[in-house]
Amino acid sequence: MRKNVSFHSESIAIFLSSLTILSMIAYVSVTPRPKEQFFQIYVLGETRMAEKYYPGGNPNIPLGVRVKWYLGATNFMGSLQYVVLKVKLANSTMSPPDDVNKLPSLAPMLMEFRRVLMDNETWEFPLIWSIDEIRIEGDACLITSMIVNDRKIFPEQVPARRAHNYRIIIEIWTLDPMDQRMIFGWRAGNERKVAWLQVWFNVTMPKPSF
Amino acid sequence: MTLLAIGFAIFVAANCISASSQESSTNVGAKFFSAVLLAREAQIEGAQRETMQELAARLNVAVQLLEKADEAKNEGRLGSAQTLLSSAEELLEDILRAARAEKAAAVERASQLRTLTIVLVPVLSAIITVVTGYVLRYVRRRSVERLFKMLIVVKREDEKER
């Protein structure tokens, strides 16, 4: 009788232990592991590396000279995402995107590139631009026309003193699932994150003709 | 006077086309956002990767159509813009249907997996209990048998010595 009782209690102990262990294994295998959600954006030079951002390594860009970059974005959000890369033209006094308040730059937009990205997918494309026309107003230079990826663009007025310290700002915008609208940066859980890049350049002033 | 009336009619018609194009563009934009979010939900529910790749590719075609429609509208080709918007809308409706079906299938698969896990865990535990019980009993019986055999050998040796 005592032998039977001990056999049953032993069986119950084995059953409960295996039930606990198997439940834990099942829970771990069924529940997806939480991972950090983020995007990566980058600009590469004409060699598709982080070098040679300017023709001849000279940041003074003459009129009509083509500058070739590669823009890229990688989705590490764990799900399909709609991404827009906004390319803006700014001078040194215009405020860049605000990382603290998550606000985009108010600089005028040159062009935007849209794409639906799978999880872990990288999207890379060329950005070929040149300065088509400028206007000189006293000490200031205004880029009045640019050619971006074979499209002529007339940017809003961005004056720069002696044509120095222009910059191209690249911002990433995504579709926010909560508000169902495009937002600067992305939402990871309850947190808002932003990412942006900028590359500085000068415009070479044409010599005055007499 | 007649010329003026014709001019006014053309102006009104152009405005109507432009307004209707703008309205349908907004509708298509909203539909595009819904399609992206639905596809995203399907992926979160565990939709298959191949299906998601197909959905993403079709969504990118819709993006291109919308961009071309925008371009046509900016160039004043309202008819062409309207045609492109209609194609995009049609495609987006297809994507919405596919994403909805995929999400439902993914939810169904996840629920089946949950049920299977809930059933399998106690069944496996029971099997482990039975097998372990048999193994333990076998091991114990073997050790008792070995002990008896040893005792018998000792007894025989004792008898021989006597």
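Keep in mind the model is a prediction, meaning the values are calculated, not measured.

### So, the overall build of chain A
Counting its secondary structure elements, chain A contains 1 helix and 14 strands. The globule rule puts the C-alpha radius of gyration for 210 residues at 17 Å, and the 27 Å found for chain A is more than 25% above it. Oriented by its inertia axes, the alpha-carbon framework of chain A measures out at about 120 × 35 × 25 Å. Classification of the 210 residues of chain A by burial places 25% in the buried group. Once local pairs closer than 6 in sequence are excluded, the contacts in chain A between residues at least 24 apart make up 64%.

### Description of the domain arrangement of chain A
As assigned here, chain A comprises domain 1 (1-31) and domain 2 (38-203). Inter-centroid distance (C-alpha atoms) of domain 1 of chain A to domain 2 of chain A is 60 Å.

### What to know about the confidence of the model for chain B
All names here are of chain B. On average, residues of chain B score 87 in pLDDT, and 85% of them reach the 70 mark or higher. Mean pLDDT per element in chain B: helix α1 (residues 2-44) is the minimum at 72, and helix α2 (residues 49-74) is the maximum at 94. For this predicted complex, the interface confidence comes out at an ipTM of 0.84, alongside a pTM of 0.80.

### Looking at the interface of chain B and chain A
Residue-level contacts link 25 residues of chain B with 19 residues of chain A. Counting only elements with at least two residues in the side of chain B that touches chain A, the list comes to α1, α2 and α3 (78-161) of chain B. Top element by residues in the side of chain B that touches chain A is α3 of chain B. It accounts for 11 residues. Tallied by class, the residues present in the side of chain B that touches chain A amount to 15 nonpolar, 8 polar and 2 charged.

### Some details on the packing of α2 of chain B against α3 of chain B
All names here are of chain B. Orientation of α2 relative to α3, taken along the N-to-C sense of each, is 160°, at an axis distance of 8 Å. Taken together, α2 and α3 sit at an angle that is classed as roughly antiparallel. Of the two possible hands of crossing, α2 and α3 adopt the one that is left-handed. Grouping the constituent residues of the contact of α2 with α3 by class yields 18 nonpolar, 3 polar and 4 charged.

### Some thoughts on the nonpolar core
Residues and elements named next belong to chain B. Ala 35, Ala 39, Leu 59, Ala 62 and Ala 88 are the most contacted members of the largest nonpolar core, which totals 63 residues. Among the elements that take part in this core, α3 stands out by supplying 9 residues, more than any other. Ala 88 has contacts with Val 28, Ala 62, Leu 65, Leu 66 and Ala 69, leaving out every residue within four places of it along the chain.

### Remarks on α2 of chain B
Look at α2 of chain B: 37 Å from first C-alpha to last across 26 residues, which is about the 38 Å you get at 1.5 Å a residue. In the stretch just after α2 of chain B, Gly 76 of chain B is the one whose phi turns positive, near 85°.

### Looking at unusual backbone geometry
Residue and element names in this part refer to chain A. Even without glycine at this site, Ala 163 takes up a positive phi of about 60°. Along the chain, the position of Ala 163 falls in the loop between β9 (159-161) and β10 (166-176). What makes Ala 163 buried here is the crowd of 24 C-beta atoms within 10 Å. With a phi close to 55°, Gln 180 is a non-glycine residue in the positive phi region. When you line up the elements, Gln 180 lands in the loop between β10 and β11 (181-184).

### Brief notes about the pairing of strand β4 (residues 81-90) of chain A
All names here are of chain A. Most of β4 sits out of view: 9 of its 10 residues are buried. Pairing geometry for β4 and strand β5 (residues 109-117), over 8 bridges, is antiparallel. Bridge pairing in β5 places Tyr 82 opposite Val 116. Bridge analysis of β4 against β10 gives 8 bridges, and the strand direction is antiparallel. Bridge pairing in β10 places Lys 86 opposite Glu 171.

### Quick look at the environment of Arg 187 of chain A
All names here are of chain A. Mapped onto the secondary structure, Arg 187 falls in strand β12 (residues 186-188). Put simply, Arg 187 and Gln 37 are 150 residues apart on the chain and 8.6 Å apart in space, counted from C-alpha to C-alpha. Contacts of Arg 187, omitting those with residues within four sequence positions, involve Asp 176, Met 178 and Arg 192.

### A short note on the environment of Arg 151 of chain A
When you line up the elements, Arg 151 of chain A lands in strand β8 (residues 151-153). On the basis of neighbour counts, which here come to 11 C-beta atoms within 10 Å, the residue Arg 151 of chain A falls in the exposed class.

The rules behind these values
Residues numbered from 1 in each chain as written. Chains lettered and ligands numbered in written order. Predicted model: local features only at pLDDT ≥ 70, side-chain atom pairs only at ≥ 80, totals over all residues. Helix = DSSP H or I, 4+ residues; strand = E, 2+ residues; numbered from the N terminus. Rg over C-alpha atoms; globule rule 2.2 N^0.38 Å. Buried ≥ 20, exposed ≤ 12 C-beta atoms within 10 Å, placed from the backbone. Contact = placed C-beta atoms within 7 Å. Domains from an automatic or database assignment. pLDDT = per-residue confidence, 0-100. Nonpolar A, V, L, I, M, F, W, Y, C, P; charged D, E, K, R; others polar. Axes fitted to C-alpha atoms, helices over the stretch in contact; angles between N-to-C directions. Parallel < 35°, antiparallel > 145°, perpendicular 65-115°, else oblique. Left-handed = near helix turned anticlockwise from the far one by under 90°. Core = buried A, V, L, I, M, F, W, Y, C linked by C-beta atoms within 7 Å. Expected span 1.5 Å × (residues − 1). Pairing = 2+ DSSP bridges.

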